Amino acid sequence: MKKRPLLTGLLLALVVVCVSCSSPDPSEQTLENKGSDTIVNLALAWAEFYQLEYPDVRISVTGGGSGTGIAALINDTVDIANASRQIKIEEIEKAQSNGIDPIEFVIARDAIAVIVNPENPVSELTLQQISDIYSGKITNWNQVGGDDRPIVRLSRETNSGTHVYFLENVLRLGDKKSKTLFSRNTLLLPSSEGIIVEVRQNPNAIGYDGLGYVPSDLKMIGIAVEAGGEYVLPSIETVNDATYPIARDLYMYTAGEPTGIVKIYLEWIITSDEAQGIVGDLGFVPIK
Amino acid sequence: MDKDLNWREFIITRAIKASGYSAIVFVALIFIFLLREGLPTLGEVDLSTLFSVRWYPIEDYFGILPLITGSLIVTLGAALVAIPFGIGTAVYISEIAPRAVREVLKPLVELLGGLPSVVLGFLGILVLSPWLRTTFDLPTGLTAFTGSLLLAAIAVPTIVSVAEDALDTVPRSYREAAWAIGATHWQTIWRVTLPAARSGVMTGIMLGIGRAIGETMAVMMVTGNAPVMAIRPGSLFEPARTMTATIAAEMGEVASGSVHYHTLFFIGIVLFLISLAVNVAASSVIFRSKKRSERILS
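Residues numbered from 1 in each chain as written. Chains lettered and ligands numbered in written order. Predicted model: local features only at pLDDT ≥ 70, side-chain atom pairs only at ≥ 80, totals over all residues. Heavy atoms only, no water.

Q: What should I look at first to understand the overall build of chain A in this one?
A: Across its full length, chain A holds ten helices and eleven strands. Compactness check: chain A gives a C-alpha radius of gyration of 20 Å against a globular reference of 19 Å for 288 residues, within 12% of the reference. Projecting the C-alpha coordinates of chain A onto the three principal axes gives extents of approximately 70 × 40 × 30 Å. Each of the 288 residues in chain A was classed as buried or not, and the buried ones make up 54%. Look at the contacts in chain A between residues 6 or more apart in sequence, and 72% of them connect residues 24 or more apart. For chain A, the accessible surface area stands at approximately 12,200 Å², while carbon and sulfur atoms represent 53% of it. Computing the positive centroid from 23 side-chain charges and the negative centroid from 37, chain A places the two 9 Å apart. (Helix = DSSP H or I, 4+ residues; strand = E, 2+ residues; numbered from the N terminus. Rg over C-alpha atoms; globule rule 2.2 N^0.38 Å. Buried < 20%, exposed > 50% of the residue type's maximum accessible area, 1.4 Å probe, protein only. Contact = heavy atoms within 4.5 Å. Areas by Shrake-Rupley, 256 points an atom, 1.4 Å probe, with all protein chains shown as cover. Lys, Arg positive; Asp, Glu negative; His and termini not counted. Charge placed at Lys NZ, Arg CZ, Asp CG, Glu CD.)

Q: Before we go on, may I ask you to explain the packing of aromatic side chains in this structure?
A: Residues and elements named next belong to chain A. A complete count under the given rule lists 20 aromatic pairs over all chains for this structure. Judged by centre distance (6.0 Å) and plane angle (20°), the ring pair of F49 and W268 falls under stacked. Here F49, found in helix 2 (residues 37–53), pairs with W268, found in helix 9 (residues 260–271); they are 219 residues apart in sequence, far enough to count as distant. Given a relative accessible area of 31%, F49 falls into the partly exposed group. You can call W268 buried: its relative accessible area is 9%. Note on F166 and Y208: the rings are 3.9 Å apart at their centroids and 5° apart in plane angle, and the pair reads as stacked. In this pair, F166 is assigned in helix 6 (residues 161–171) and Y208 in strand 8 (residues 205–210), connecting sequence segments 42 residues apart. Under the relative-accessibility criterion, Y208 is labelled buried at 0%. (Phe/Tyr/Trp six-rings, centres within 6.5 Å; stacked < 30°, edge-to-face > 60°.)

Q: What exactly am I supposed to notice about the pairing of strand 11 (residues 247–255) of chain A here?
A: Within a regular strand, side chains alternate between the sheet's two faces. Residue and element names in this part refer to chain A. The sheet contact formed by strand 3 (residues 80–83) and strand 11 spans four bridges and is antiparallel. For A83, the partnering residue across the bridge sits in strand 11 and is Y251. In this sheet, strand 11 lies alongside strand 4 (residues 102–116) in antiparallel orientation, the contact comprising nine bridges. Each bridged residue has a counterpart across the sheet, and for A111 the counterpart in strand 11 is A247. (Pairing = 2+ DSSP bridges.)

Q: What am I meant to see in the packing of helix 5 (residues 99–113) of chain B against helix 7 (residues 144–168) of chain B here?
A: Residues and elements named next belong to chain B. It is at 7 Å that the axes of helix 5 and helix 7 come closest, and there the two elements cross at 140°. Put simply, helix 5 runs oblique to helix 7. For the pair helix 5 and helix 7, the sense of crossing is left-handed. Contacts between helix 5 and helix 7 involve R102, K106, V109, E110, L112 and G113 from the first element and A153, P157, V160, S161, E164, D165 and D168 from the second. Residue composition of the contact of helix 5 with helix 7, grouped by class: five nonpolar, two polar and six charged. (Axes fitted to C-alpha atoms, helices over the stretch in contact; angles between N-to-C directions. Parallel < 35°, antiparallel > 145°, perpendicular 65-115°, else oblique. Left-handed = near helix turned anticlockwise from the far one by under 90°. Nonpolar A, V, L, I, M, F, W, Y, C, P; charged D, E, K, R; others polar.)

Q: What's the story with the nonpolar core in this structure? I'm lost.
A: Side chains of a nonpolar character, in soluble globular proteins, are inclined to be buried together. Within the largest apolar cluster, 35 residues are counted, with the highest numbers of intra-cluster contacts made by I115, L154, L187 and V199 of chain A together with L151 of chain B. Taken together, the elements giving at least two residues each to this core come down to strand 4, strand 6 (152–156), strand 7 (187–189) and helix 7 (192–201) of chain A together with helix 4 (65–96), helix 6 (117–136), helix 7 and helix 11 (217–222) of chain B. Looking at this core, the element that brings in the most residues is helix 7 of chain B, giving five residues. With near-sequence residues (within four places) excluded, L187 of chain A lies in contact with V152, R153, L154 and S155 of chain A together with T140, L142, G224, A226 and P239 of chain B. In terms of nonpolar packing, the next biggest core, distinct from the first, is built from 32 residues, A111, Y134, F166 and V232 of chain A among them. (Core = buried A, V, L, I, M, F, W, Y, C linked by side-chain atoms within 4.5 Å.)

Here it is as structure tokens:
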């Protein structure tokens, strides 16, 4: 999903594969891990770290999207599926008809930061205002207390899980029946990097991106759930105490209650300081 | 010995023939594949939806008009920039520049043609688009025109290279005849040399435009990809979404066999037909001009 991390992810995958294939050990345990592109870097970092500590475990990690991972789990070709969204009811039904009972684990959290150019005097918005900006009801920064400038809306492409999350939880404010859409002149940029480059040089722009991808020279917007409420900036603390409203859980799914190496690995991911430290290093929000 | 030669001759002729036909076979196979994957769209999506103005595939809005107009406006902008610039450069290299300059200039222009479009895209996003935004006081520099300029940079080397070759083959006697009756240098170029090289210059333009309309990466990086209807004159300076960028951005994660997947292939068919129309139009122009010149000479 995110172009540059994907590339480093692929390189890492190569490293992981090479590290593990150099030691053909009969006692070796293997673990297949597949799914979300948002999580792929994190999963690779974990796999790499874990294999350094336990050389007899071989973990192969691939991306492809949350849907791909869950489909592989349903077809019983992976041990762990990564997903940046919760499994859908149809997917659970399909899995159960295959005799598989998907078990869900929250492995990290991801905050989505709304960003503007540092020259922009606006630093606080309500969810409703952000929704109105992106749906095209608000078209000038002076309508939300800024300068008299047109608003240039930036978004990720429609195939991005982040785009879908933003549509459902910000644009539609979590209302499942809402039919609100992105304003047609919303710029759909193919990468996180594209959004950051444009926001950096354009004082008219507003964009959104995963917290870990926002560089320090851009301004993050404090967000309030309702007008008059408290405006909260995204950070590890505000995500974990649930005061920052645009944050999502990241998941891993297993086929049935995990056993053996899958269970040990998942416990390591969820409870160990090293694994959750890696989460923070990569710009996601640790769960503990 | 003789028999051996005949045998070799046979193989070689057949091999050449096969490679000639293979081009046709491949185009036909590609087109059949496009039709097979794209035509189901017509059964799955209402025509009124397909030719509507909203493209938002994850909510089943499959209006392809914004994408078609987006591609057209970006390509039109590129043609407006690339044609005068390309022909001007070709004329300068072939007719005006001193020999030494010409020896350097032509390889340099052709080198520009070898520049990967991603590199141009990066220049576009980091240099060109901020410059356009501040210079023309636009809301954003990611516009159709930014894409046009990059496409022009991609098309110009092709146009220059082919057009310059064509100008070069115009016999010297034509120019000398023009000078002999008192034509100025400019009059000779505009009235004699260029018309004489017309079909080669047209071929260069069509090849250049052909490269431009199919170009994806650079365009995807700088046009902003907003699926708006680009039908007003001001649309050139607003974001636009092209057909190629749509296919490239969305094909990666679309479920194979879904309505969205078929629609992306349908866009491919439309793109193919547009390229075909451009080529047919170009060759008919070239064909007609050839016939006229043959008539005059006979």
